[in-house]
Amino acid sequence: LWLTSEDNGPHIGAFGDTYATTPNLDALASRGLSYFNCWSTAPVCAPARTTIISGVYPPSTGSQHMRSETRLPAFMKMYPQFLREAGYYCTNNSKEDYNLTKPGKVWDDSSRQAHWKNRPEGKPFFAIFNFTVTHESQIRRRPHDAVHDPSGVRVPAYHPDTPEVRQDWAQYHDKMTEMDAMIGGALAELEEAGLQDDTIIFYYGDHGPGMPRSKRWPYNSGLNVPLIVHVPEKYSHLAPGDYIEGGRTDRLVGFIDLAPTLMSLAGIKPPSYMQGHAFMGPFEEIERNYLHGFRGRMDERYDMVRTVRDKRFVYIRNYMPHKPYGQHVSYMFQTPTTQVWKKLYDEGALNSAQSHFWEPKPPEELYDLTVDPDEVNNLAGNPAYDSVLNRFRSIQRHQVFRIRDTGFLPESHIHHRGNGAEDTPYQMAHNSRLYPLNRIFAMADLASSMNEGVTPDLIAGLSDSDAAVRYWAAMGLLMRGPNAVFTGRPELRQALNDADPSVRVIAAEALVTHGPDRDLDPCLRVLIEAADYRNTDVYVASLAMNVIDQMDQKAVSLLPELRRIPVEIRGYPGRASSYVSRLVQTTLDDLGVE
């Protein structure tokens, strides 16, 4: 039995939160093992759930971007399919939200009516119940009758201490208490059926809290989730090696490990393509030394971040450091904390730790969780930590090549680069001819390093035979600002005619942002052509609209063409199809156009 909740970190009494009121989870922890170092791999729901259902890192299958949709190779299955083949009745109640197309029948029942009670007589079950009351949308719903006193909230160092922030955090804890009662109901139902001693129970949250700089951000604050595992006495032989009732463990585990662990508990050897480690059952593996996380496109805004942690440090590699942390994601800005936080930043009323979220990112970040749990003191520039930084750089680079990380491709390439319909992104990425990762990664690493003196190398990269190399070369000039763009202006102007639309868009962005006004007209022509998804695709259109949305008054001449872009986009995954129209509307709003 898996009991899951949405948008919450380890803000539970059993995990040391004295402000929390979570008696049912505390009781479950008292007869189970609590994992204090569990990572959700992604700090937002769809890619986090994609990790779980596949047992493969989403950047490996091209499914890392929020609400995108790619396919698994034919030799891969989703973990319930393995369990069903082994005789389990598998139910999901009820959220799926995968970035992968389901390869055939996955669940016996996936609906609000799904329940282990509906299984055929004599069948073992695997059942998920997902509780949404803690979701981001619920912590900002007003009016709200407060239960927890906002004056008692611990405000993290990166948030301003305002009434709005305190109310959001207090309401989050109120919703945690509501969720805890629902967990208690599900456990009582199991006990009433006489199945408590026959059922292994997992509880976990699906990623960090729905507060800004937790949800969507691959800090520990966005990736660290509570995990509690209860193993009845009759299945003690399946328990992890460090299992003690009421115990706590600092073992590093993540969502990437859940599918192989579940299969191990069911006596199924996890397939070799799964990239996690079973931490229970007969196929339990030795403890891992590092956990990995990532951030890709979040709704309508592009970004690329990769993270690594051990038991002490968190390392963050920002591959798009020119983009601020706090890009304007429409859904996030509905939260009062986000609104007041940005307002105070614009007014210059924040300290350094609180301002950081609204500013461009450094290429690298390193935090010592033992003394800096809020992750506000970046050690990446401290010579005393050079050896630690170098170690994490090496680990992160190894991960890129181990999983053949597709994040170094423009999103459109993930869907269209390959030999044809038989190629999935995973298969494409494992073909060095189709995906020359060495060259692409080298240019992305150079571009985003922000090192000085590399402008000639970036300009040379604009002539590379691979479009992804050219894309990162243009991005590197954009990142470095006016001087680099001035030096590379002839090549960037030539790139406005590149065969690849993503390269054209980034070249136009570099010239519009840092070039002379006389370059504006040809750049506008490139951008508006790309923004109409009928000329390219919805991914290129989103990329172009992100640029247009940042242009302010420079985009006024594009208004007639923007109005002609169809609002209804057909042929793309549900919510992803709304991002272009959302960006068009944001641009119109910014320009004061009804």
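Along each chain, residue indices are assigned from 1 in the same order as the chain's sequence is written. Reporting of local features is limited, given that this is a predicted model, to residues whose pLDDT is at least 70; pairs of side-chain atoms are given and counted only at 80 or more, and all residues count toward the totals for whole chains, interfaces and linings. The side-chain figures draw on all heavy atoms in the structure; neither hydrogens nor water molecules are used.

Caption draft 1: Quick peek at the packing of helix H19 (residues 501-514) against helix H20 (residues 520-531). Lines fitted to the C-alpha atoms define the axes, with helices restricted to the stretch that makes contact. Angles between their N-to-C directions range from 0 to 180 degrees. We count a stretch as a helix when DSSP gives it H or I for four or more residues in a row; a strand needs E for two or more, and each element gets its number in order from the N terminus. The interhelical angle for the contact between H19 and H20, taken along N-to-C directions, is 145°, at an axis separation of 9 Å. As for how H19 packs across H20, the hand of that crossing is left-handed. Contacts between H19 and H20 pair Arg504, Val505, Ala508, Leu511 and Val512 from the former with Leu520, Cys523, Val526, Leu527 and Ala530 from the latter. Throughout this entry, Asp, Glu, Lys and Arg are counted as charged residues, while Ala, Val, Leu, Ile, Met, Phe, Trp, Tyr, Cys and Pro are counted as nonpolar. The remaining residues, Gly among them, count as polar. When grouped by side-chain class, the residues that make up the contact of H19 with H20 number nine nonpolar, no polar and one charged. Each crossing is labelled by how the near helix is turned from the far one, with a counterclockwise turn of less than a right angle marking it left-handed and a clockwise turn marking it right-handed. By definition, residues are in contact when any of their heavy atoms lie within 4.5 Å.

Caption draft 2: Region of interest: the packing of helix H6 (residues 163-192) against helix H9 (residues 336-346). In the contact formed by H6 and H9, the axes pass within 8 Å of each other and the chain directions differ by 155°. By the criterion of interaxial angle, the relationship of H6 to H9 is roughly antiparallel. By crossing handedness, the relation of H6 to H9 is classed as left-handed. Along the contact surface, H6 presents Glu164, Val165 and Asp168, while H9 presents Pro336, Thr337 and Val340. For classification, angles of less than 35 degrees are called roughly parallel, those exceeding 145 degrees roughly antiparallel, those between 65 and 115 degrees roughly perpendicular, and all remaining angles oblique.

Caption draft 3: Fine view of the sheet that holds strand S9 (residues 291-295). Only strands joined by at least two bridges in the DSSP assignment are considered to pair. Judged by pairing direction, the sheet is antiparallel, and its four strands sit side by side in the order S9-S10-S11-S12 without closing on themselves. Of all the strands in the sheet, the pair left with one neighbour each is S9 and strand S12 (364-368). For this sheet, the mean inter-axis angle between neighbouring strands, taken without regard to orientation, is 15°. One ladder, built from five bridges, connects strand S10 (residues 305-309) with strand S11 (residues 313-318); its direction is antiparallel. Bridge assignment links Arg309 to a residue of S11, and that residue is Val314.

Caption draft 4: Structural view of the pairing of S9. Only protein chains enter the accessibility calculation, which uses a 1.4 Å probe; a residue is then buried when its area is under 20% of its type maximum, exposed when over 50%, and partly exposed in between. Burial analysis of S9 places five of its five residues in the buried class, the great majority of the element. Judged by which residues are buried, S9 turns out to be covered on both faces: Leu291, Gly293 and Arg295 on one side and His292 and Phe294 on the other are all buried.

Caption draft 5: Representation of the packing of aromatic side chains within the structure. Two aromatic rings, drawn from Phe, Tyr or Trp (for Trp, its six-membered ring), form a pair once their centres lie within 6.5 Å of each other, and the interplanar angle then sorts them: stacked below 30 degrees, edge-to-face above 60, tilted otherwise. Under the defined criterion, the tally for this structure stands at 32 aromatic pairs. Look at Tyr290 and Phe392: their rings are 5.8 Å apart centre to centre, the planes differ by 85°, and that puts the pair in the edge-to-face class. Of this pair, Tyr290 sits in the loop between helix H8 (258-265) and S9 while Phe392 is found in helix H11 (residues 386-403), placing the two residues 102 residues apart along the sequence. Given a relative accessible area of 17%, Tyr290 falls into the buried group. Of the residues examined, Phe392 reaches a relative accessible area of 0% and is grouped as buried. Between Tyr315 and Phe392, the ring centres sit 6.1 Å apart and the planes meet at 20°, which makes this aromatic pair stacked. Taken together, the positions of Tyr315 in strand S11 and Phe392 in helix H11 put the pair 77 residues apart, joining distant regions of the chain. Among the aromatic residues, those joined into a ring-pair cluster are Trp217, Tyr219, Tyr325, Phe333, Trp341, Phe357, Trp358 and Tyr367. Look at NZ for Lys and CZ for Arg. If either is within 6 Å of the ring centre and within 35 degrees of the ring normal, a charge sits over the ring. Sitting over the face of the ring of Tyr331, Arg140 holds its NZ or CZ atom 4.4 Å from the ring centroid. Cation over ring: Arg213 sits above Tyr158, and NZ or CZ is 3.8 Å from the ring centre.

Caption draft 6: Fine view of H20. Between its terminal C-alpha atoms H20 stretches 16 Å, which fits the 16 Å expected from twelve residues at 1.5 Å a residue. Taken together, the buried positions of H20 are occupied by Pro522, Cys523, Leu524, Val526, Leu527, Ile528, Ala530 and Ala531. Those residues of H20 that are buried lie in contact with helix H18 (489-495), H19, helix H21 (538-549), helix H22 (559-564) and helix H23 (579-590). Every helix has an expected span of 1.5 Å times one less than the residues it contains.

Caption draft 7: Here's a closer look at the sheet that holds strand S1 (residues 2-5). If you trace the eight strands from one edge of the open sheet to the other, you get S4-S3-S5-S1-S6-S7-S2-S8, paired in mixed fashion. Sheet topology places strand S4 (109-110) and strand S8 (247-254) at the edges, where each strand pairs with a single neighbour. Both strand S6 (residues 201-205) and strand S7 (residues 224-230) contribute to a ladder of four bridges, which runs antiparallel. Paired with Ile201 across the strands is His230, a residue of S7. On the sheet, H6 packs against S1, strand S5 (125-131) and S6 and is oriented at approximately 155° with respect to S5. Lying on the sheet, H8 is in contact with S1, S5, S6 and S8; it crosses S6 at an angle near 175°.

Caption draft 8: Unusual backbone geometry, seen in detail. Here the residue pair Asn93 and Ser94 is connected by a cis peptide bond, since its omega of 0° sits within 30 degrees of zero. Note that Ser94 resides in the loop between strand S3 (89-93) and S4. Even without a glycine there, the phi angle at Arg67 is positive, about 60°. With relative accessibility at 12%, the residue Arg67 sits in the buried group. Within the chain, Arg216 stands out as a residue other than glycine whose phi angle is a positive 85°. Assignment of secondary structure puts Arg216 in the loop between S6 and helix H7 (220-223). A relative accessible area of 4% places Arg216 in the buried class.

Caption draft 9: Up close: the pattern of salt bridges. We count a salt bridge whenever a side-chain nitrogen from Lys or Arg sits within 4 Å of a carboxyl oxygen from Asp or Glu. Applying the stated criterion to the full structure yields 42 salt bridges. With a closest N to O distance of 3.0 Å, Arg317 and Asp445 form a salt bridge. With Arg317 in strand S11 and Asp445 in helix H14 (residues 437-449), this pair connects stretches of sequence that are 128 residues apart. Measuring nitrogen to oxygen at the nearest pair gives 2.8 Å for the salt bridge that ties Lys342 to Asp346. Taken together, the positions of Lys342 and Asp346, both in helix H9 and four residues apart, correspond to about one turn of that helix. A single network of salt bridges, built from pairs that share partners, joins Glu6, Arg49, Arg67, Lys95, Asp97 and Asp206.

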